[in-house]
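Listed here are the chains, written in short residue letters.
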Amino acid sequence: MRFGVFEADLRTFELRKFGNKINIQRQPFQVLAALLEKPGEVVTRQELQQKIWPGDTFVDFDLGLNKAITKLRAILDDDAANPRFIETAPRVGYRFLGAVVTAPRDAAPEKEPDVPQEKSSPATSEAVSPIPSAENLPPLPRSRRRWPIYAGSLLVLIVAGSVLYPVLHEKWTEWHGGTGRQFNSIAVLPLENLSGDASQDYFADGITEELTTDLAKIPDLRVSSRTSVMRFKDAHQALPEIAKELKVEAIVEGSVTRIGNKVRITAQLIDAGKDQHLWAESYDSEIRDILSVQNTLARAIAHEIRVNLTTEQEQRMIPASHVPPADAYEAYLKGRHYFLQWTDEGVQKSCDSFQQAIQSDSTYAEAYVGMADCYTARASNGLLKPDEAMAKAKEFAQKALELNPSLPQAHGVLGTILLNYDWNYPAAFIELQKMADLSPNNPEAHLRLVSYYHAVGEMDKAAEEAKLAQKLDPVTPFVCSSLGMTYLFAAKYDDSITEFNKCIDLDENFPWTHWGLVHDYEAKKDYWDAIEERRKLLLAGHEENLTEEMMQIYKHSGYSAARAYAVQHDLDPKHNSSFTVAYANIELGNKSKALEYLQKAYDERDSQMIQLKVNSLFDGLRSEPQFQQLLQKIGS
């Protein structure tokens, strides 16, 4: 098969250029052959794996394929950014672009083009004078004007040096370890499960989260959160586009292959702006050693992106001395997988999994944090009464800290319990700030501090923390909405509207965005926009049956009547929390009922009661003595 100046013999695994044989390894040639057989078509990664890397062997497919493509491009003098032959179909496969001709076996090879020679001068009858030798040449006269030549040459060297130094320095650094460039932001895309068993997805997702957590310990490196990157799982989107959305400079992608107790993790570091592979490595281990391997991988990535770690930061990157048994670790990963589904069923399954992990290893601190998260979620979802759930959650969080005082998530969940349930604000701040200190690149740590600053009325600091969280996680609607909510509570309605509209670009059906805009527009007496946001809020809650009726009431009876109709389902205490019922009565102007249910919410230790001090939506009750009494009881 011929393409351009190349000829590939698929029988003998030989590649020639201008008839001259080129050294090429077998796997790169096999990849080339597969592409040549389908010119112009995308050959998927799965097809290449099945054809060249058999599924029944324990090999690193991702690493092997990428090395093969890199070698092919080098041999063919091809450019990934502007390909002539091999085009990447992002996260799908590759396409051969060149025209392919099947040549007969006895066809003559392409000849290298002749280099045109200078034509000789026509012969003349006159003899040509011989060129004098250097010894016979007269000496050149000295010139005072030679210094400009030297100076000009020196200037050219200086300019060339200043231009070439960064490039040469980068190459020198590559030869001596590292990519040669320092990156300040990175995302770990969901690692692909290559085990051939979909039930192992939880394992690959868990490794992704653990690697992200390890990298987030580096203060000078912004790491996209797990929530941000999971939206790109199985997404066939170009890496530069993903990086642009996540606002990162580098991306780590790879795979997890598990066969029995053997695990192989492959990771590749990619310069997202150039879509260029910088580094790749694979790590083999038994499941029992997987935590150590994850930590080794995180430290290797830190080295490759030229992050300078202090001694203290190095210590944080060292794996914990306690290593749970394999079955405990697997149960923990399953627990995280179920918990992050954010469903009532998922929460219950996660509790069961974390409990299994603790039964297998009673000293597994992370599993106790998982149990604490489960019980706080049960309280928030109304699955358990707050006093029952929060007391258990506090016990688990404190146990986790006894086992590992440096566990960021344990400080975070304990701080939230102290804030939302105990209403012990000083103690809560200590724990929440500790989480932020231990895990500065975790957006969750900053969101927890946003809640604290809301509770104590320090809205400028709340906005600062919300902005930090948003910088770390720019694509998650919940994170985005925290700044809009802060401005709403601070009665900065125009700023709030601006921020909430940014969130709509991320997810137009996210309910909290529309809820916030409803109250922004109501405060500005912009009732047309307010009713439109109420309509969208009902649609986001799948309450289409109420939408048309509400709009008809608005058309004939005005906004107040339409609002009363929209919030009627929030008035039922059998299906709503006391705080929700109180809030619905505030919207209807029923102060006495609102105060009655706020008192019930206080007695039930409802976590939303920490909003009372700053939420401008309660301004209509602030002059009431009963409201002031509640304020004095909350927070100390």
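Owing to the predicted nature of the structure, the values given are computational and were not obtained by experimental measurement. (Residues numbered from 1 in each chain as written. Predicted model: local features only at pLDDT ≥ 70, side-chain atom pairs only at ≥ 80, totals over all residues. Heavy atoms only, no water.)

**As for the environment of Ala272**
Put simply, the rule is: The numbering of helices and of strands both runs from the N terminus, where a helix is a DSSP run of H or I of at least 4 residues and a strand a run of E of at least 2. For every residue, the accessible area (1.4 Å probe, protein chains only) is compared with the maximum for its type, and the residue is labelled buried under 20%, exposed over 50%, or partly exposed between those bounds.
Mapped onto the elements, Ala272 comes out in the loop between strand E12 (262-271) and strand E13 (276-286). According to the relative accessible area criterion, Ala272 is buried, its value standing at 1%. Residues Ala272 and Val248, spaced 24 residues apart in sequence, show a C-alpha to C-alpha distance of 7.6 Å.

**A closer look at the pairing of strand E7 (residues 93-96)**
Let me state the cut-off plainly: Note: two strands are recorded as paired if DSSP finds a minimum of 2 bridges between them.
Bridge analysis of strand E5 (residues 42-44) against E7 gives three bridges, and the strand direction is antiparallel. The residue of E7 that forms the bridge with Val43 is Tyr94. From the end of strand E6 (residues 86-89) to the start of E7, which pair antiparallel, there are three residues, and Arg91 there has a positive phi angle of about 60 degrees.

**Describing the nonpolar core**
Quick reminder of the rule: Residues enter a nonpolar core if they are buried and are Ala, Val, Leu, Ile, Met, Phe, Trp, Tyr or Cys, with the set joined through side-chain atoms within 4.5 Å.
With 126 residues, the main nonpolar core has Ile186, Tyr425, Leu598, Met609 and Leu612 as its most contacted residues. The leading source of residues in this core is helix H12 (residues 365-380), at 10 residues. Counting residues in hydrophobic clusters, the runner-up holds 26 residues, among them Ala33, Ala34, Leu35 and Leu36.

**Regarding the side chain of Gln470**
As a reminder of what qualifies: Counted as a polar contact is a pair of N or O atoms within 3.5 Å, where, for protein atoms, one must be capable of donating a hydrogen and the other of accepting one, and residues adjacent in sequence contribute only when both atoms are in side chains. Throughout, a residue-residue contact means that at least one pair of heavy atoms, one from each residue, lies within 4.5 Å.
By the secondary structure assignment, Gln470 is in helix H17 (residues 459-472). From its side chain, Gln470 meets the backbone oxygen of Cys480 in a polar contact 3.3 Å long. Apart from residues lying up to four places away in sequence, Gln470 is in contact with Val479, Cys480, Leu483 and Glu499.

**As for the sheet that holds E5**
Definition in use: What counts as an axis is a line fitted to C-alpha atoms, over the stretch in contact for a helix, and the angles between N-to-C directions run from 0 to 180 degrees.
Reading across from one edge, E5-E7-E6 is the order of the three strands in this open sheet, with antiparallel pairing throughout. Since the sheet does not close on itself, it has two edges, and those belong to E5 and E6, each with one partner. Neighbour-to-neighbour, the strand axes of this sheet turn through a mean angle of 30 degrees, independent of strand direction. The pairing of E6 with E7 spans four bridges and is antiparallel. The residue bridging Thr88 from the neighbouring strand is Tyr94, located in E7. Running over the sheet, helix H1 (residues 26-36) touches E5, E6 and E7 and is turned about 65 degrees from E7.

**Here's the deal with the packing of helix H14 (residues 408-420) against helix H16 (residues 443-456)**
Note the following rule: Between 65 and 115 degrees an angle is taken as roughly perpendicular, under 35 as roughly parallel, over 145 as roughly antiparallel, and anywhere else as oblique. Crossings are classed by handedness, with left-handed meaning an anticlockwise turn of the near helix from the far one by less than a right angle and right-handed meaning a clockwise turn. Residues are grouped as follows: nonpolar covers Ala, Val, Leu, Ile, Met, Phe, Trp, Tyr, Cys and Pro; charged covers Asp, Glu, Lys and Arg; every other residue, Gly included, is treated as polar.
At a minimum axis separation of 11 Å, H14 and H16 run at an interaxial angle of 20 degrees. Here H16 runs roughly parallel to H14, going by the angle between their axes. The hand of the H14/H16 crossing is left-handed. Note on element contacts: H16 touches H14 through Glu444, Arg448, Ser451, Tyr452 and Ala455, opposite Gln409, Gly412, Val413, Thr416 and Leu419. Taken together, the residues that form the contact of H14 with H16 break down as four nonpolar, four polar and two charged.

**Considerations on the state of the cysteines**
Keep this limit in mind: In what follows, a disulfide is any cysteine sulfur pair within 2.5 Å.
Overall, the coordinates contain one disulfide when judged by the stated rule. For Cys480, the disulfide goes to Cys503, at an S-S distance of 2.1 Å. The chirality of the disulfide connecting Cys480 with Cys503 is left-handed, given an S-S dihedral of about -95 degrees. Residue Cys480 is located in helix H18 (residues 477-489), and its partner Cys503 is located in helix H19 (residues 493-506); the two are separated by 23 residues in the primary sequence. For Cys480, a relative accessible area of 5% gives the class buried.

**Brief notes about the layout of surface pockets**
Stated formally: Every definition here rests on a 1 Å grid over the protein atoms only: cavities are sets of points where a 1.4 Å probe fits but cannot get out, pockets are open sets enclosed by protein on both sides within 12 Å along at least five of seven lines, and lining residues have some atom within 4 Å of a point. Grid points are joined across faces, edges and corners, and a volume is the space filled by probe spheres set on the points.
Quantified by volume, the second largest pocket comes out at close to 980 Å³. Along the walls of the second largest pocket sit 40 residues, with Arg45, Pro90, Arg91, Val92 and Glu253 positioned nearest its centre. Those elements giving two or more residues to the lining of the second largest pocket turn out to be helix H2 (45-52), helix H3 (61-75), E6, E7, strand E9 (192-193), helix H5 (201-215), strand E11 (250-259) and E13. Top element by residues in the lining of the second largest pocket is H3. It accounts for five residues. Grouping the amino acids of the lining of the second largest pocket by side-chain chemistry returns 15 nonpolar, 11 polar and 14 charged.

**A word on the sheet that holds strand E1 (residues 2-3)**
Judged by pairing direction, the sheet is antiparallel, and its four strands sit side by side in the order E1-E2-E3-E4 without closing on themselves. At either end of the open sheet lies a strand with only one pairing partner, and these are E1 and strand E4 (20-22). As paired elements, strand E2 (residues 6-9) and strand E3 (residues 14-17) share four bridges and run antiparallel to each other. Bridge assignment links Asp9 to a residue of E3, and that residue is Glu14.

**Some thoughts on the side chain of Arg73**
Put simply, the rule is: Here the positive residues are Lys and Arg and the negative ones are Asp and Glu; neither His nor the chain ends is included. A pairing counts as a salt bridge when a side-chain nitrogen of Lys or Arg comes within 4 Å of a carboxyl oxygen of Asp or Glu.
Of note, Arg73 is situated in helix H3. Of the side chains bearing the opposite charge, Asp78 lies closest to the buried Arg73, which forms no salt bridge; the N-O distance is 4.7 Å. Only 2.8 Å separates the side chain of Arg73 from the side chain of Thr88, close enough to count as a polar contact. Once you skip the residues sitting within four places of it in the chain, Arg73 turns out to touch Asp78, Ala80, Ile86, Glu87, Thr88 and Tyr94.

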